[in-house]
Each structure stands twice: as structure tokens, then as C-alpha cells.
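Here are the chains, one letter per residue:
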Amino acid sequence: MKQTILVTGGTGFIGSHTTVELIQAGYNVVIADNLSNSKREVIGGIKKITGIEPAFEFIDLCNKEATREMLQRYRIDGIIHFAASKAVGESVEKPLMYYRNNITSLVNLLELMPEHNIKGVIFSSSCTVYGQPRPENLPVTEDAPHQKATSPYGNTKEINEQIIQDYIHSGAPIKSIVLRYFNPIGAHPSALIGELPNGKPNNLIPYVTQTAMGILEQLTIFGNDYDTPDGTCIRDYIYVVDLAKAHVAAMTRVLKKDTAALEYFNIGTGRGNSTREIVETFEKATGVKLNYTYGPRRAGDIEKIWGDCTKANTILGWKADTPLEDVLVSAWKWQLKLREDGVM
Ligand code: UDP
């Protein structure tokens, strides 16, 4: 019999791509989302790609009674918990909103899991927990020391990791896999789902594609005097479809009988690319010239980080293998589709 996975935040950027991969791997999916930063039409994109329309529940997971009532209507085997507020800047302005949304929803789900005999949860964490690793700790492994978060958003990732750990250590009858993502980018190759724009982008890739489209005038590369080969910051950019597949592998593993109660995996490519390399690769892969300039450093930016993903490669049997050129082309195709659809 097919297993059923509850994907919270399933109409979001990573959630929608993961829903597609879960369906294609033979799982039933129920999406729970309050559409605070996504659109219901995403379901249509998922259906076009997979031929299957996942169940959709419009729900605020901070409402425990509503969440309980929803869980009573399905037989859920596992949960992938994406739903969270995620804008770093906004979290500095509205810390309590971030603590309430991101922490209450997790606590509610964890409390409800045993009640509904739900065995496993995959939690979306972030390499932000590592802060700026010491040079000798690069690429960063899962046991690298954590550093104090620089924003309430980052802190909710750290706190939620701690909550899961404390709960499982208390003997709770659940298991969890925590995935620490590096920088998710790109869109499904069909261009039927992708990252929905929400105001002026903060992240590099939407900024690049919107500049290439002429929506934004110019990209500013924040700083070219860092201690890196070309002076610009380095990140581990992971294709969202590869990232989605990591969730399928993690879900399959967490629901197996003989695996550990709690595991952590870095999910990245294992490779670092500088901001300048991203810009140059984008130009080369798409043939579109980008109007860019160098500006001052962005406050709070990490200089360089990339992941050692050997653990995920060996234990999950998963590897990010999409070439960067293809990933950047997918992001550009998505931007062209947004234009075609009159979104922007
Ligand atoms: N970046 C940039 N210009 C922009 C947006 C981002 O130079 O308009 C750089 C940023 O300084 C960082 C990298 O691109 O070095 C990735 O930034 P993003 O915000 O996407 O991810 P994060 O900093 O959270 O890893």
C-alpha cells in the first residue's frame, strides 16, 4: 500500500518540488499550507508535472485543534515540515511573529505525532546553524560547532533542532532526520513550478534572473575584497530538484525500522562557488548579458561556506549531480515563464 506523507508548506518553493518527487517516487501526498507566502495555483503545476493532484489543506499549523482535526482525516505515515516564515530581514523586525510561527507549528506537530501514530518527521534546517566556520572546518561537516544565530529566523532553526533533539532524547516514540540545506536555487526543468517572487528579492539567483529580464536595473555584488580567490563570497548552491530528492531519500530512511532515532545530514553539492562565478556561469549558460557592478559588503554576510555532504552521499545514497549550468538555465526558464504568464 502507498504511504502517505504530510508536506507542510507544500506549495512553497522547496515544498512544491519535494511534493513532485514524492509523488513520482510513489507516495501519496497531503499538502498543508496557509498560503502566507505561496499560491494555491502551485497545485496545478504539480498536477501538470505528475498527473496527480495532491490533497490540499488550507491550515495554520499554529492552530493545534485544527491540525489535530486534519490529522484525524488521513492516515499519515510521515511528515516533511517545511512550513515556516523565512525572510531574514523581516525576522529582525518581527521576532515574535517568527518565534510564534516557526516554533509553535513544530511543537504542535511533534505533540500530535504519537497521538496519530506518525513515526517520522523530516525537518528543514539550514547551514546557517554553522555560522562562519573556521577555515580548517571547510567543507563543513555535520559535527562542526554551531554558532550563535545572527537573526531570529536563523535562531528558530537552531531552537527547532534543539526541540527535536530534546523530544527524541526524552524517549518520544518518533524518529527524525534533520536536513541542513545550503543555498537552494533553480526551478523544475518543466518551468511549471519555481520560486514565486515576493517583492524585491534578497537572494542572489532571483536578483540575477530579474536583472537579466530587465525588471531590476542592475545587480550589485556585495563585496569583492573577501579572503576568497576572486574576492567575492562563496556558497554551496544546491539545485532545488536535487534537494527535493534528498527529502525522498530521507523519508524512506526515517520510516525504515532499523535506523537511528535522530540523524543529521548536510544537503549541498560539496562544492563552493563564488558570487562572481555564479554571474559568469549564468551569462555563459543562458547567453544573456548581465548588468552588474561591485558594491560594499552586505552586513552580516558569511564570507565562505560549503558543505561536506559525504554522509548524505553514503548513508542516504543521494548525490546532487545536476551541473550548475543546467541549474542556472532552469532558473532563467522559470523567469521567462513568469514573464509569459504576465506575473512579472
Ligand atoms: N549577493 C549579492 N548580491 C545580491 C544578493 C546576494 O552579491 O543582490 C550575494 C550575497 O552577498 C551572498 C550570496 O550572493 O554572498 C548569496 O546570497 P543569498 O542571500 O542568496 O544567500 P545567503 O547569504 O543567505 O547564503
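Rules used in this analysis
Chains are numbered independently. Their residues run from 1 in the order of the written sequence. The model is predicted, so local features are restricted to residues of pLDDT at least 70 and side-chain atom pairs to those at 80 or more, both for listing and for counting; the totals for chains, interfaces and linings are taken over all residues. Computation of side-chain values: all heavy atoms of the structure, hydrogens and water removed. UniProt positions are given in the numbering used here, feature names are shortened, and annotations may be inferred rather than shown by experiment. Stacked, edge-to-face and tilted are the three classes for Phe, Tyr and Trp ring pairs, Trp counted by its six-membered ring, which pair at centre distances within 6.5 Å; planes under 30 degrees apart are stacked, over 60 edge-to-face, the rest tilted. The classification of residues rests on relative accessible area computed with a 1.4 Å probe and restricted to protein chains. Under 20% of the type maximum is buried, over 50% is exposed, and intermediate values are partly exposed. Note on criteria: charge over ring means Lys NZ or Arg CZ within 6 Å of the ring centre, with the direction from the centre no more than 35 degrees off the ring normal. Here, a salt bridge means any Lys or Arg side-chain nitrogen found within 4 Å of an Asp or Glu carboxyl oxygen. Strands here are runs of E lasting at least two residues and helices are runs of H or I lasting at least four, both read from the DSSP assignment and numbered beginning at the N terminus. Strand pairing is assigned whenever DSSP identifies at least 2 bridges connecting the two strands. Place the viewer so that the strands point away; then a crossover is right-handed whenever the path from the first strand over the helix to the second strand goes clockwise. Between N-to-C directions, angles span 0 to 180 degrees; the directions come from axes that are lines fitted to C-alpha atoms, helices contributing only their stretch in contact. Here is the rule for handedness: rotate from the far helix to the near one, and if that takes an anticlockwise turn smaller than a right angle the crossing is left-handed, while a clockwise turn gives right-handed. When checking whether two residues touch, look at their non-hydrogen atoms; a contact exists if any pair is within 4.5 Å. Just so you know the grouping, Ala, Val, Leu, Ile, Met, Phe, Trp, Tyr, Cys and Pro go in nonpolar, Asp, Glu, Lys and Arg go in charged, and all remaining residues, Gly too, go in polar.

The name given to the chain in an unreviewed UniProt entry is UDP-glucose 4-epimerase, with the source organism recorded as Prevotella micans F0438. According to its UniProt record, the chain has this under Catalytic activity (unreviewed entry): "UDP-alpha-D-glucose = UDP-alpha-D-galactose". Per UniProt, the chain carries the Cofactor (unreviewed entry) text "NAD(+)".

K.L.:
Describe the packing of aromatic side chains, with residues and values.
P.N.:
Within a pair of aromatic rings, the relevant descriptors are the distance that separates the centres and the angle that separates the planes. The final tally for this structure, using the stated rule, is two aromatic pairs. With a centroid separation of 6.0 Å and an interplanar angle of 85 degrees, the aromatic rings of Tyr292 and Tyr294 are classed as edge-to-face. Given a relative accessible area of 33%, Tyr294 falls into the partly exposed group. Note that Arg297 overlies the ring of Tyr226, its terminal NZ or CZ placed 3.9 Å from the centroid. Stacked on the ring of Phe265, the Lys or Arg Lys311 has its end atom at 5.0 Å from the ring centre.

K.L.:
If you had to explain the pattern of salt bridges to someone new, which residues and values would you point to?
P.N.:
Where charged atoms from two side chains of opposite charge come close, those side chains can pair. Within the structure shown, the criterion is met by 19 salt bridges. Between Asp225 and Arg297 there is a salt bridge, and its shortest N-O distance comes to 3.0 Å. You can see Asp225 sitting in the loop between β8 (219-222) and β9 (234-235) and its partner Arg297 sitting in the loop between β13 (292-295) and α10 (310-316), a full 72 residues away along the chain. Classification of Asp225 by relative accessible area gives exposed; the value is 53%. For Glu280, the salt bridge is made with Arg276, and the minimal N-O distance between the two is 3.0 Å. Placement of both Glu280 and Arg276 in helix α9 (residues 275-286) is noted, with a separation of four residues, approximately one turn of the helix. Assessed through its relative accessible area of 35%, Glu280 is described here as partly exposed. In this structure, a network of salt bridges that share partners links the residues Glu57, Glu69 and Arg73.

K.L.:
So what's going on with the pairing of strand β1 (residues 4-8)? Residues and values would help.
P.N.:
Extensive coverage of β1 is indicated by the burial of five of its five residues. Of the two faces of β1, both are covered, the one formed by Thr4, Leu6 and Thr8 as well as the one formed by Ile5 and Val7. Both β1 and strand β2 (residues 28-33) contribute to a ladder of five bridges, which runs parallel. When the bridges of β2 are listed, Thr4 appears paired with Asn28. The parallel pair β1 and β2, bridged by helix α1 (residues 13-24), forms a crossover whose chirality is right-handed. The pairing of β1 with strand β4 (residues 78-81) spans four bridges and is classified as parallel.

K.L.:
Please provide a residue-by-residue account of the packing of helix α7 (residues 204-213) against α9, values included.
P.N.:
Orientation of α7 relative to α9, taken along the N-to-C sense of each, is 40 degrees, at an axis distance of 11 Å. When you trace α7 past α9, the crossing you get is right-handed. Residues Leu204, Ile205, Val208, Thr209 and Ala212 of α7 lie in contact with α9, whose contacting residues are Thr275, Ile278 and Phe282. Residues that form the contact of α7 with α9 fall into these classes: six nonpolar, two polar and no charged.

K.L.:
Explain the pairing of strand β5 (residues 120-126) to me, and be specific about the residues and the numbers.
P.N.:
Within a regular strand, the side chains alternate between the two sheet faces. With seven of its seven residues buried, β5 lies for the most part within the structure. Strand direction decides the pairing type here: β4 and β5, joined by four bridges, are parallel. Across the sheet, the residue bridging to Gly78 is Gly120, located in β5. Pairing analysis gives seven bridges linking β5 to strand β6 (residues 175-181), with the strands arranged parallel. Bridge pairing in β6 places Ser126 opposite Tyr181. Note that the unit made of β5, helix α6 (residues 152-169) and β6 has a crossover that is right-handed.

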